[in-house]
Amino acid sequence: MGKLVASVVVIDPATAAKWLLSNTRNRPLSEPYVTKLAAEMAEGRWRTNGETIVFDADGVLLDGQHRLEAVRRSGVAVESLVARGVSGDVFATLGRGRIRTIADALSLAGYKNTILLGSVLGWIARYHAGQTASKAWSHPSPDASVQLAAEHPETGESLSLFTRYGGRKRYAGALAVVAHYLFSKVDREAAEKFAEDLLTGVGLAGDDPVYLLRERLTGKDSSRRGAHGVTPQTVTWQYYVKAWNARRRDVRTQNLTWRTSEGQIEIDGYPSAGKAKP
């Protein structure tokens, strides 16, 4: 066995590209993961955390291809621990550590109900990026999610409202929380009324947009269901916004529809997605 040497190295894009030439025995590259890492690096959110880029005694890259490809694409230099001289027969044992989830990171930062909160924060970011109708969206990383939680502290109020109705999960999921939070930025009183009507359904006429939204959520209207009988969230979110907009305009309707060609529906009265944040 050769001598194992480890050190912290500043890796610039050119070095990353050079090292990737020795990447001859790794798993397929995950494009969404590389994109996420590259964004963290470019935005200055990458931190040296002890995770190691590993080479064997012959200089073959054993672990770290995603980080190196992210450095190459980001155009910035980052620090990383690099180990050389690792025996090649340990390759199968690499990458077995449990990945810290978004919920883990939020919990460590002191937040509660972190699984739901993580989903809510992802959808807030998605709306601001104008990507709620896109299937290619990549969820923010754990660190980015903690940052989002700090930027949107009022999400706690929306979470509290809907977690009280935990038995009505079809009405009180992540999208309902996101809707209440974003709609409140336009008109808090109207958002509270929207949420109350959505959760209870009391006194809703058949042509009320929220009544029609409830019909969508209960599955009684199945016109936009996916292959497994479930309406994709990318579609369901557009129904939330359409119901809100119809109410804002005092429009009664017999049907709540959305076509893929319409793309992301913007919230009436809200700053344009991606141009301004609450």
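We now turn to the structure provided with this report.

Parameters at a glance
- Residues numbered from 1 in each chain as written.
- Predicted model: local features only at pLDDT ≥ 70, side-chain atom pairs only at ≥ 80, totals over all residues.
- Heavy atoms only, no water.
- Helix = DSSP H or I, 4+ residues; strand = E, 2+ residues; numbered from the N terminus.
- Buried < 20%, exposed > 50% of the residue type's maximum accessible area, 1.4 Å probe, protein only.
- Core = buried A, V, L, I, M, F, W, Y, C linked by side-chain atoms within 4.5 Å.
- Contact = heavy atoms within 4.5 Å.
- Pairing = 2+ DSSP bridges.
- Axes fitted to C-alpha atoms, helices over the stretch in contact; angles between N-to-C directions.
- 1 Å grid on protein atoms, 1.4 Å probe; cavity = no way out; pocket = protein on both sides within 12 Å on 5 of 7 lines; lining within 4 Å.
- Points joined across faces, edges and corners; volume = space filled by probe spheres on them.
- Nonpolar A, V, L, I, M, F, W, Y, C, P; charged D, E, K, R; others polar.
- Parallel < 35°, antiparallel > 145°, perpendicular 65-115°, else oblique.
- Left-handed = near helix turned anticlockwise from the far one by under 90°.

Take the overall build of the chain next. When helices and strands are counted, the chain shows eleven helices and four strands. For the chain, the residues scored as buried account for 42% of the 278 residues in total.

Counting 47 residues, the largest nonpolar core has Leu213, Trp237, Tyr240 and Ile267 as the members making the most contacts within it. Mapped onto this core, the elements with two or more residues apiece are α4 (102–108), α5 (114–128), α6 (142–151), α7 (155–163), α8 (174–184), α9 (188–200), α10 (209–218) and α11 (233–248). With nine residues, the single largest contributor to this core is α8. Not counting chain neighbours up to four residues away, the residues in contact with tryptophan 237 comprise Trp123, Tyr127, Thr132, Leu175, Val178, Ala179, Leu182 and Ile267. Counting 17 residues, the second-largest nonpolar core is a separate cluster that includes Ile11, Leu20, Val34 and Ile53.

This next bit is on the sheet that holds strand β4 (residues 78–86). With mixed pairing, four strands are arranged side by side in an open sheet as β1-β4-β2-β3. Edge positions in the open sheet fall to β1 (5–11) and β3 (61–63), since each of these has one partner strand only. Between one strand axis and the next, the sheet turns by 35° as a mean value, whatever way the strands run. Where strand β2 (residues 52–56) and β4 come together, four bridges link them in parallel fashion. Of the residues in β4, the one forming a bridge with valine 54 is alanine 83.

What follows deals with empty space enclosed by the protein. If you walk through the whole model with that rule in mind, you get two cavities of 30 Å³ or more. Taken as a whole, the largest cavity spans an internal volume of roughly 40 Å³. Looking at the largest cavity, the residues that line it are Trp46, Arg47, Thr48, Asn49, Gly50, Glu51, Arg67, Glu79, Ser80 and Leu81. Here the lining of the largest cavity takes three residues from β4, the largest share from any one element. Split into classes, the residues belonging to the lining of the largest cavity amount to two nonpolar, four polar and four charged. Here the second largest cavity defines a volume of roughly 30 Å³. Around the second largest cavity sit Phe162, Ala176, Ala179, His180, Phe183, Ala191, Phe194, Ala195 and Leu198, which together line it. Split by residue class, the lining of the second largest cavity holds eight nonpolar, one polar and no charged.

What follows concerns the packing of α10 against α11. Two elements in contact, α10 and α11, have axes separated by 8 Å at closest approach and are oriented at 165°. By the angle between their axes, α10 is roughly antiparallel relative to α11. Of the two elements, α10 crosses α11, and the hand of that crossing is left-handed. Two secondary-structure elements touch here, α10 through Pro209, Val210, Leu213, Arg216 and Leu217 and α11 through Thr236, Tyr239, Tyr240, Ala243, Ala246 and Arg247. Its residues placed into classes, the contact of α10 with α11 shows eight nonpolar, one polar and two charged.

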